[in-house]
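Residue-level listing of the chains:
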Amino acid sequence: RQMMVTATPIFGDDNKVLCVVTLVQDLTALGRWRDAIEREMQKNSVLQQELQYLRSNQADSNLIGSSKAMVSLRRLITVVASSDASVLISGESGVGKEMVAKEIYSESQRKDKPFITVNCAAIPENLLESELFGHEKGAFTGAISTKVGLFEMANGGTIMLDEIGEFPLHLQPKLLRVLQEREFRRVGGTKKIPIDIRVIAATNRDLMAMTKNGSFRMDLFYRLNVFPIQIPALRQRKEDIPLLASAFLSQFNKKYQKSKFFTSQAVFTLEQYSWPGNVRELRNVVEYFLYTGHDPITMEDLPPTVFH
């Protein structure tokens, strides 16, 4: 055991020692705490160094991770970005499909042109055609003026059709024509409008299965699926969790002017969780720490769901 002993003599009137008061302190526990803190600081420092290394080697990429899956994904993005082929990005909700689409766009020759994202599930079906392709004045009740659609606005650049599995069946032939002929008509219009555009679609559904049950056109599927990209779920690349958690914590520390860090036990617990919400869920949990967690962030700070 580590001890600190202090002895203080007590003198009488004749300057002779009457007694000695001895204080004995056990420093063993204090030493363990000190060593634990040093290990946690070192762990955090290593994570920060790894994060900086990855950022420096991934240029301006926002796709953080050193797993084989992420290295392969970044290599695939570099290959597809140099072409104008249609891309179909598949993966569970929260894996970062829009981020991958933006990476493809930022590395392409169209990076100085518009990038427009359309959530096909968020636009009412009766308005989707007008939103995408625009309409002429008087095309329908309420069309008091000509409207330019999102495809036309993205001309020369890239358009991302998110949640493409929710695209209405009756509008799929018109989208197919845009991909095949590179032209379209506004709602209520007769003039063909040529378009130079790259289409990136994304979905969390099995489009091949949808073609078999008739809810998605097979010819449209093959037009979109020229270059397929499958993003792995976070539970399939758990080695990226410490880097992602550290990156998000660094962002929120800067945003909220904090200086918090994780203990190694907390990081280990994060790695064991299945993350059904994927990267989006991890980011939300890290932000939760900034409001409720201690400094450093321990296992006790983790939400109850992370322990299941």
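Scroll up for the structure.
The rules we used
- Residues numbered from 1 in each chain as written.
- Predicted model: local features only at pLDDT ≥ 70, side-chain atom pairs only at ≥ 80, totals over all residues.
- Heavy atoms only, no water.
- Phe/Tyr/Trp six-rings, centres within 6.5 Å; stacked < 30°, edge-to-face > 60°.
- Salt bridge = Lys/Arg side-chain N within 4 Å of Asp/Glu carboxyl O.
- Buried < 20%, exposed > 50% of the residue type's maximum accessible area, 1.4 Å probe, protein only.
- Helix = DSSP H or I, 4+ residues; strand = E, 2+ residues; numbered from the N terminus.
- Arc of directions from axis to C-beta.
- Contact = heavy atoms within 4.5 Å.
- Core = buried A, V, L, I, M, F, W, Y, C linked by side-chain atoms within 4.5 Å.
- Pairing = 2+ DSSP bridges.
- Axes fitted to C-alpha atoms, helices over the stretch in contact; angles between N-to-C directions.

Before we move on, can you summarise the packing of aromatic side chains with the specific residues and values?
This structure, assessed with the given rule, holds eight aromatic pairs. With centroids separated by 5.2 Å and ring planes inclined at 65°, the aromatic side chains of F221 and Y222 adopt a geometry described as edge-to-face. Linked through ring pairs, F133, F151 and F184 together constitute an aromatic cluster.

So what about the pattern of salt bridges? Which residues, and what values?
For the structure shown, the criterion picks out 13 salt bridges. Here D219 and R217 are joined by a salt bridge, their closest N and O atoms 2.7 Å apart. With relative accessibility at 30%, the residue R217 sits in the partly exposed group.

So what about the environment of T269? Which residues, and what values?
Tracing the sequence through the fold places T269 in helix 10 (residues 264-272). Accessibility expressed as a relative area gives 10% for T269, which makes it buried. Taking the C-alpha atoms as reference, T269 lies 7.3 Å from M299; in sequence the two are 30 residues apart.

So what about helix 6 (residues 172-181)? Which residues, and what values?
Residues spaced three or four apart along an α-helix face the same direction, because each turn holds 3.6 residues. Within helix 6 the residues assigned to the buried category are Q172, L175, L176, V178 and L179. Along the long axis of helix 6, the arc covered by the buried residues comes to 155°, so they all point the same way. Summarising the contacts, the buried residues of helix 6 are in contact with helix 4 (125-133), helix 5 (150-153), strand 5 (158-162), strand 6 (183-184), strand 8 (198-203) and helix 8 (218-224). At the C-terminal side of helix 6, R182 shows a positive phi close to 55°.

Could you give an account of the nonpolar core, with specific residues and numbers?
Counting residues in each nonpolar core, the largest one holds 32 residues, and the members touching the most others are L132, F151, I159, L161 and I164. Where this core is concerned, the elements lending two or more residues are strand 4 (115-119), helix 4, helix 5, strand 5, helix 6, strand 8, helix 7 (207-212) and helix 8. With four residues, the single largest contributor to this core is helix 6. Residues contacting L161, with those up to four places away along its chain left out, are V118, C120, L132, F151, L175, V199, I200, A201 and A202. Grouped together as the second largest cluster of nonpolar side chains are 25 residues, L244, F262, V267 and F289 included.

Mind laying out the side chain of S86, listing which residues take part and the relevant values?
Note on placement: S86 falls in the loop between helix 2 (68-81) and strand 3 (87-90). Using a relative accessible area of 7% as the deciding quantity, one classes S86 as buried. Excluding residues within four positions of it along the chain, S86 makes contact with L179, R182, V199, R223, L224, V226 and F227.

Please give an account of the pairing of strand 1 (residues 3-11) that cites residues and values.
As paired strands, strand 1 and strand 2 (residues 17-26) are joined by nine bridges and run antiparallel to one another. Note that in strand 2 the partner of P9 across the bridge is V20. Counted between consecutive antiparallel strands, the loop separating strand 1 from strand 2 contains five residues, among which N15 sits at a positive phi close to 65°.

Residue-level account of the sheet that holds strand 9 (residues 227-230), with values.
With parallel pairing, five strands are arranged side by side in an open sheet as 4-5-8-3-9. In this open sheet, the two edge strands, each paired with only one partner strand, are strand 4 and strand 9. Each neighbouring strand pair of the sheet contributes to a mean axis angle of 20°, computed without reference to strand direction. One ladder, built from four bridges, connects strand 3 with strand 8; its direction is parallel. Within strand 8, the position partnered with S90 by the bridge is T203. Docked against the sheet, helix 3 (residues 97-107) engages strand 3, strand 4, strand 5, strand 8 and strand 9, running at close to 150° with respect to strand 3.

Coordinates in, geometry out; function isn't part of it.
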